[in-house]
Amino acid sequence: MNAAEWLLPLLVLTVLVHARLHRVNTLDAFVAGVQEALHLIYHLAPYVIAIFVALDLFTASGALDLLARFLRPALVWLHLPYPLLPLLIVRPLSGSASLGVISQILRSYGPDSLVGRMACIMQGSSDTTFYVLTVYTGAGRVQQAGYALPVAILGDLVGYAVAIYLAYHWPF
Amino acid sequence: MGAVWFVLVVLGIVLMAIHGTPAAVTQSLLKGTREGLSASIDLLAVTSLWLGISKVAERSGLLEQISRRVSPWLGWLFPSLRPGHPALGSMTLNLVANILGLGNAATPFGLRAMEQMAADNPNPGRITPAMSTFLVLNSACVTLIPATAIALRAAAGSAQPGAIAIPAAIASSAATAAVLVADGWWRHHSQRQERRRHRQP
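Residues numbered from 1 in each chain as written. Chains lettered and ligands numbered in written order. Predicted model: local features only at pLDDT ≥ 70, side-chain atom pairs only at ≥ 80, totals over all residues. Heavy atoms only, no water.

K.L.:
Can you explain the pattern of salt bridges? Please cite residues and give values.
P.N.:
Within the structure shown, the criterion is met by five salt bridges over all chains. A salt bridge links Arg187(B) to Asp183(B), with the nearest nitrogen and oxygen atoms 3.8 Å apart. With Arg187(B) and Asp183(B) both in helix α8 (residues 165-199) and four residues apart, this pair spans about one turn of that helix. For Arg187(B), a relative accessible area of 18% gives the class buried. The class of Asp183(B) is buried, set by a relative accessible area of 1%. One network of salt bridges, with partners in common, ties together Asp56(A), Lys31(B) and Glu35(B). (Salt bridge = Lys/Arg side-chain N within 4 Å of Asp/Glu carboxyl O. Helix = DSSP H or I, 4+ residues; strand = E, 2+ residues; numbered from the N terminus. Buried < 20%, exposed > 50% of the residue type's maximum accessible area, 1.4 Å probe, protein only.)

Written out as C-alpha cells, the structure reads:
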C-alpha cells in the first residue's frame, strides 16, 4: 500500500506550496498552530495523567480481568481480542486517553500485529462520542442531546463491527 | 466522568490490596502517572504537527476553498437550514478537517457551527434537527485519512503505517451511513409525532 503512505507527505507538501504561492509566511503560520497545540495539551495533559492512573490501577489490580470475564461471551461473539477492551471502554470518553491506550497496545504488541492494526482501525474510524455530545450540546446551548445520543451509539457499534471484521479479513 | 474515575481508582486500590501488596498500589500509581505524562508528550508531538500544518492551510485560504466546493452537498444533508446560513461554512470546515483526520482542528469549527445554529433556534434550549444531524456526523468521525492513527503507527516503528488507512475509511463510512439513516428515520418519526400532537388540541 505505497499509495496510502504517500498521502500524508503529499498533503503536507501541497499545503505548504499552496501557502507559499499565496504569500503566506508558512513558518509564522506553523508556529501559531503549534502554539495552539501547546495550549490544548496544557489543558488536556492533566486529564490524560488522571486517566492513565485509573487505567493502570484498573488493569494491574485485576479489575479489568473481572470485567472481561463478565463480558467474555460478548467479546468472543464480537471476535474482539482481549487487550482491546480498555480501548473500547475509553474511546467514547476521551480522545487523548484512547491515544494513550493505543500507544500502550502498540508498544506491547507491535503496530503490525493483528491487535495493533485492529486498535488503529478502531481509533481511526471512530470518535469520542460522549465527549463530542457533551461539548457540542454545550456550545449549542441545548440541555439534552435527544435522539442524537442513541443514533450516535448505534453509529459507534456499526463502525466497531466493521473495523473488527476488516482487521481480520483485509489483505494487508 | 468524575464518578467513573472515582470508581475505577477505588476499585483498583481495593482489589489490589486484596490480591497483592500496598507497595504494588504505590508502584502502579507512579507508573500510571509516568505513562500518562509520556503519553501527553507523544500527543503533544502529534497535535503540534497537525495544528501547525492546518494553520498554514487556514491562512492560505486552502481550507476555505475546499469548503466552498463542499457547501452545496451540505444543503442536502441539512434541509432545515436555509441556503447561506452561516453555520454551513463552519460545518464545512469542521467536516473537511474531520475527513482529513485533523480531529483537533475540527473541534473549534464544530463548536462555532453549534453556536451559529443556536442563534436562530426557534425553541432555545431544545435541540434542532440540523443540530442532531451535525452531532451524529461528528460522533461518527467521517474520516478518510486517519492521520493521528497513522502518525502513532509511524512513531511506534511500523513497517506500513498507512496500511490501516483504507480499512479505517471503510469502517468510518459505514458508521457515517448508519448514523445518517438512523438520524433521518428518527427525524421523520419525531416530526410526524409533533404534527399529531398539534392536531389534538
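Past the structure itself, the notes keep going.
K.L.:
Pulling in residues and values, what's your account of the packing of helix α7 (residues 129-139) of chain A against helix α6 (residues 129-140) of chain B?
P.N.:
Remark: α7(A) packs on α6(B), axes separated minimally by 9 Å, with the N-to-C direction vectors making an angle of 145°. Relative to α6(B), α7(A) is oriented so that their crossing is right-handed. For the pair formed by α7(A) and α6(B), the contact residues are Thr129(A), Val132(A), Leu133(A), Tyr136(A) and Thr137(A) on the first element and Phe134(B), Leu135(B), Asn138(B) and Ser139(B) on the second. Among the residues making up the contact of α7(A) with α6(B), the classes are represented as five nonpolar, four polar and no charged. (Axes fitted to C-alpha atoms, helices over the stretch in contact; angles between N-to-C directions. Left-handed = near helix turned anticlockwise from the far one by under 90°. Contact = heavy atoms within 4.5 Å. Nonpolar A, V, L, I, M, F, W, Y, C, P; charged D, E, K, R; others polar.)

K.L.:
Explain the interface of chain B and chain A residue by residue, including any values.
P.N.:
Of the residues lining the interface, 97 residues belong to chain B; the matching set on chain A comes to 88 residues. Overall, the association of chain B and chain A removes approximately 7,800 Å² of surface from exposure, summing both partners, and the carbon and sulfur fraction of that is 76%. Across the pair Asp56(A) and Lys31(B) runs a salt bridge whose closest N-O atoms are separated by 3.1 Å. Where chain B meets chain A, there are eleven residue pairs in polar contact (both at pLDDT 80 or more). Only α1 (2-19), α2 (22-59), α3 (62-77), α4 (86-99), α5 (103-119), α6, α7 (147-155) and α8 of chain B provide two or more residues apiece to the side of chain B that touches chain A. In terms of residue class, the side of chain B that touches chain A is made up of 57 nonpolar, 30 polar and ten charged. (Buried area = accessible area lost by both parts, 1.4 Å probe. Polar contact = N/O pair within 3.5 Å; in protein donor to acceptor, adjacent residues only side chain to side chain.)

K.L.:
Provide a residue-level description of the nonpolar core, including the pertinent values.
P.N.:
Within the largest apolar cluster, 61 residues are counted, with the highest numbers of intra-cluster contacts made by Leu84(A) and Met122(A). Counting contributing residues, this core receives three or more from each of domain 1 (1-45) and domain 2 (62-169) of chain A. For Met122(A), the residues in contact, after removing those within four places along its chain, are Leu80(A), Leu84(A), Leu87(A), Leu88(A), Arg91(A), Tyr160(A), Ala163(A) and Ile164(A). Val142(A), Met91(B), Met131(B) and Ala175(B) belong to the second-largest nonpolar core, a separate cluster that totals 33 residues. (Core = buried A, V, L, I, M, F, W, Y, C linked by side-chain atoms within 4.5 Å. Domains from an automatic or database assignment.)

K.L.:
Account for a positive patch on the surface, with residues named and values stated.
P.N.:
Together, Arg192(B), Arg195(B), Arg196(B) and Arg199(B) line one region of the surface with positive charge. Following the sequence through the fold, Arg196(B) ends up in helix α8. (Patch = residues over 30% accessible without salt bridge, like charges linked within 9 Å, V, L, I, M, F, W, Y side chains within 5 Å. Areas by Shrake-Rupley, 256 points an atom, 1.4 Å probe, with all protein chains shown as cover. Lys, Arg positive; Asp, Glu negative; His and termini not counted. Charge placed at Lys NZ, Arg CZ, Asp CG, Glu CD.)

The quantities given are spatial measurements derived from coordinates; they are silent on function.
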